[in-house]
Every structure is written in structure tokens, then in C-alpha cells.
Amino acid sequence: MAEEAKWYVVHTYSGYENKVKVDIEKTIENRNLQEYILEVMVPMQTVVEEKNGEKKQVQKKMFPAYVLINMVMNDETWYVVRNTRGVTGFVGPGSKPVPLTEEEIANMGFLAQAEEAPYSIGDHVVVTKGVWEDTHGVVQEVHPAKQMAVIVIDMFGRGTPVEIDFSELEKL
């Protein structure tokens, strides 16, 4: 791959962010574009809301009506993203997409922290919280942007992949 992938911002219809993300991910798989479109993200943040006197933590979109995509820009990737149902266009002047600068990425915070993962493929880990607490497994996939890993655990004598947050894992 000669070109470097950069982060681009795509404008979507409000409420279509997750649908656009899923549709682009399906197209990546169908067209074998994994080495050109590396990641599609709808950044979320946890906020506390009060309803009927009860406080609840809920996930809210950081940028409603926008999706972030880490991709190598070329005619094919531009076409795939631009023609996804729900996408109104790339952010940039006219029809020319403009990648986010390093400074913009750093100011957002979540991408900078997401780039470094505390776990690597093949690490032996134990789950420290949640449903799978005290379960041992081996890291199969790492998703730094989502702050989670897919680990393979032994269930009924078979290796079963399970998604676990980094905060719920510990290296052995």
C-alpha cells in the first residue's frame, strides 16, 4: 500500500450514523477493501442523565450526523463511501474531502488514546469483571479505537470468541 490512510469526516442524515457505519463495513468486506478502508467509527461518550429522579449512564454520539473513517483516499474508496445510503458527503470544500490534521485528531482525544492498545494478539488474559469474570482466554483481535479485544475462551470444549472491554481484562 503506497498511500497512507488518513481520517476523514463523512456527513450523514441525522440518526443514520450507525446504519452508515454498518453499510460501509459490509461493502468493505464484499469488495475486499480492508487494506484501503481501515476503520469506520461513530464516536460515543458516556454521559449521566436524570430521568424520574434516577441517574443513569447512557452513551451519546459525540458528533451527531457525522461518521469518522480511517481510509486511503482513491477513486474507488471515495465512490464506495460517497454512494452509501445515508451519506450526504465528505466534509471539505466542494467535492474534495479534506483529512483531519494531527492537531484535530489530538484535540478530539479519543483517537489519540485509542491508537495504543495495552494488549496484543496472542496475549494470555483473565477477565476481571462482568459476566465472564475469572475466565481465562487468549487475545485474538484488538480494537484500540473501541477500547476492546476479542478473546477466545474455552466453552464446552470449544474455542469461543468473546468481545471484552480493555477495562475488564488483565494480562497473565
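A few points on the structure. As the structure is a prediction and not an experimental result, all values here were calculated from the model.

Reading guide: rules and limits
- Residues numbered from 1 in each chain as written.
- Predicted model: local features only at pLDDT ≥ 70, side-chain atom pairs only at ≥ 80, totals over all residues.
- Heavy atoms only, no water.
- Helix = DSSP H or I, 4+ residues; strand = E, 2+ residues; numbered from the N terminus.
- Buried < 20%, exposed > 50% of the residue type's maximum accessible area, 1.4 Å probe, protein only.
- Contact = heavy atoms within 4.5 Å.
- Pairing = 2+ DSSP bridges.
- Phe/Tyr/Trp six-rings, centres within 6.5 Å; stacked < 30°, edge-to-face > 60°.
- Axes fitted to C-alpha atoms, helices over the stretch in contact; angles between N-to-C directions.

### Let's talk about the overall build of the chain
Then, number 1: Helix and strand counts for the chain come out as four helices and eleven strands.
Then, number 2: For the chain, the spread of C-alpha atoms along the three principal axes comes to 55 × 50 × 30 Å.
Then, number 3: Residues classed as buried in the chain amount to 33% of the 172 residues present.
Then, number 4: Here the contacts in the chain between residues at least 6 apart in sequence split such that 56% fall between residues at least 24 apart.

### Observations concerning the pairing of strand 3 (residues 44-51)
Then, number 1: Note that strand 3 and strand 4 (residues 54-61) share eight bridges and pair antiparallel. Considered in strand 4, the bridge of Met44 is made with Lys61.
Then, number 2: Counted between consecutive antiparallel strands, the loop separating strand 3 from strand 4 contains two residues, among which Asn52 sits at a positive phi close to 50°.

### Concerning the environment of Asp134
Then, number 1: Note that Asp134 resides in the loop between strand 7 (124-127) and strand 8 (136-143).
Then, number 2: Taking the C-alpha atoms as reference, Asp134 lies 9.7 Å from Leu169; in sequence the two are 35 residues apart.
Then, number 3: With residues near it in sequence (within four places) discarded, Asp134 still touches Val126 and Val127.

### Examining the environment of Gly15
Then, number 1: Mapped onto the elements, Gly15 comes out in the loop between strand 1 (6-12) and helix 1 (17-30).
Then, number 2: Owing to a relative accessible area of 59%, Gly15 belongs among the exposed residues under this scheme.
Then, number 3: When the C-alpha atoms of Gly15 and Lys61 are compared, they prove to be 9.8 Å apart, with 46 residues separating the residues in sequence.

### Observations regarding the packing of aromatic side chains
Then, number 1: Per the counting criterion, the structure on display carries three aromatic pairs.
Then, number 2: Plain terms: the ring middles of Tyr13 and Tyr16 are 5.7 Å apart, the flat faces sit at 70° to each other, and that makes the pair edge-to-face.
Then, number 3: Given a relative accessible area of 47%, Tyr13 falls into the partly exposed group.
Then, number 4: Classification of Tyr16 as partly exposed rests on a relative accessible area of 38%.
Then, number 5: Where Tyr119 meets Phe166, the ring centres are 5.5 Å apart and the plane angle is 55°; that geometry is what we call tilted.

### Some words on the sheet that holds strand 11 (residues 169-171)
Then, number 1: As summarised here, the arrangement of the five strands in space is 10-9-8-7-11, forming an open sheet in which the pairing is antiparallel. Two strands lie at the open edges of the sheet, namely strand 10 (158-165) and strand 11, each paired on one side alone. Neighbouring strand axes in the sheet, compared pairwise and without regard to direction, differ in orientation by 45° on average.
Then, number 2: In the sheet, strand 8 pairs with strand 9 (residues 148-155) via six bridges, with the strands oriented antiparallel.

### Here's the deal with the side chain of Asn70
Then, number 1: By secondary structure assignment, the location of Asn70 is in strand 5 (residues 66-71).
Then, number 2: Once residues within four sequence positions are removed from consideration, Asn70 is found in contact with Ala5, Lys6, Trp7, Tyr36, Ile37, Leu38 and Glu39.

### Section: unusual backbone geometry
Then, number 1: If you check the backbone angles, Asn52 has positive phi at about 50° while not being a glycine.
Then, number 2: Inspection of the secondary structure assignment puts Asn52 in the loop between strand 3 and strand 4.
Then, number 3: Of note in this structure, Asp134 is not a glycine but carries a positive phi near 70°.

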